[in-house]
Amino acid sequence: MNFWGYSPDEVLDQRDPKLLQSLLPIWQFLYDWYFRVETEGWHHIPQQGSFLLVSSHNGGLASPDLSMFFFDWVRRFGAERPVYGLMQQEAFTSARMLRSVARAGAVPATVRMATAAFKRESPVLVYPGGAEDLFRPYSRRNEIELAGRKGFIKLALRENVPIIPLVSVGAHETLVVLTDCKELMSFLRQFDLVDASTPLTQIFPIYLGLPWGIGIGFAPNLPLPAKIYTKVCSPIRFERSGREAARDRAYVDACYQQVYQAMQTSLDDLVARSQQRNFF
């Protein structure tokens with residue numbers, strides 16, 4: 001599969017360490033003063049080799065917990081050590097858009113792209129919950145949302161790489177999602193009133209935030225200042241791996257539940273401790 005004329009390796013080659021290095025002063029200000037990030041668990045990241053970071057995020061298209069993770073990565077490991085973030089393919093609307101975001105390490109979410117990164121001994125970051133997770137309603141802010149998608153499990157099994165969960169608290173305060181209209185969108189898809197082939201029709205968010213006040217849909221937003229806590233969790237290594245394991249539906253389901261429970265337990269712990277810190 002080519003992406004606007006580029007092979008997976010050519011897309012990965014677009015990553016520009018100099019660009020990431022130039023962003024550090026801006027990221028540093030946001031990290032220290034705007035989002036006042038506290039982070040832990042970085043000792044779980046191997047010093048080399050490939051692995052799959054699986055995360056949950058919030059905060060609309062601005063997704064500050066994602067950008068703050070990238071800042072943490074660059075300042076800890078240097079701009080030369082890559083981590084490639086998988087983005088929904090619908091976000092890449094042109095070759096120019098592809099080149100632009102790929103410079104920061106964001107690449108289309110395909111098996112071939114992830115496999116190409118693993119062959120380079122590079123880690124890959126994925127947010128399986130997609131838009132449903134990104135615009136998770138405020139009432140569900142402390143729930144892990146993986147949207148039932150298990151492709152990342154099959155990928156980890158097939159490529160025999162460990163999964164390292166990543167959880168965060170606080171980005172939901174930068175954009176308060178009132179509702180995602182998930183039931184309404186499901187109803188509209190049943191009657192072919194919206195295009196059911198794209199993941200972006202799974203929800204239609206209504207939220208409070210800047211600059212719109214009350215916003216609807218997938219319009220870009222400016223994140224409100226809010227304290228963000230992040231945690232890199234212990235690696236998960238599965239007993240079985242390979243293509244046969246990836247084709248075993250019951251085993252894939254069990255692995256999915258293992259990752260989900262590990263992430264929810266870690267998030268519950270992070271929420272409890274962040275609330276205690278904020279109280280005192």
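Structure's up top.
How each quantity is defined
Residues numbered from 1 in each chain as written. Predicted model: local features only at pLDDT ≥ 70, side-chain atom pairs only at ≥ 80, totals over all residues. Heavy atoms only, no water. Salt bridge = Lys/Arg side-chain N within 4 Å of Asp/Glu carboxyl O. Helix = DSSP H or I, 4+ residues; strand = E, 2+ residues; numbered from the N terminus. Buried < 20%, exposed > 50% of the residue type's maximum accessible area, 1.4 Å probe, protein only. Arc of directions from axis to C-beta.

Caption draft 1: Seen up close, the pattern of salt bridges. The final tally for this structure, using the stated rule, is 15 salt bridges. The closest approach of N and O atoms between Arg75 and Asp72, which form a salt bridge, is 3.0 Å. Here Arg75 pairs with Asp72, and both are found in helix α3 (residues 64-77), just three residues apart, close to one helical turn. Accessibility expressed as a relative area gives 40% for Arg75, which makes it partly exposed. Here the salt bridges share partners, and the residues they tie into one network are Glu40, Lys231, Asp269 and Arg273.

Caption draft 2: Fine view of helix α8 (residues 182-190). Listed as buried for α8 are Met185, Leu188 and Arg189. The buried residues of α8 occupy an angular sector of 100° when the element is viewed end-on, so they sit on one face. When the buried face of α8 is taken as reference, the exposed residues oriented beyond 90 degrees from it are Glu183 and Gln190. After α8 finishes, the residue Asp192 shows a positive phi value of roughly 55°.

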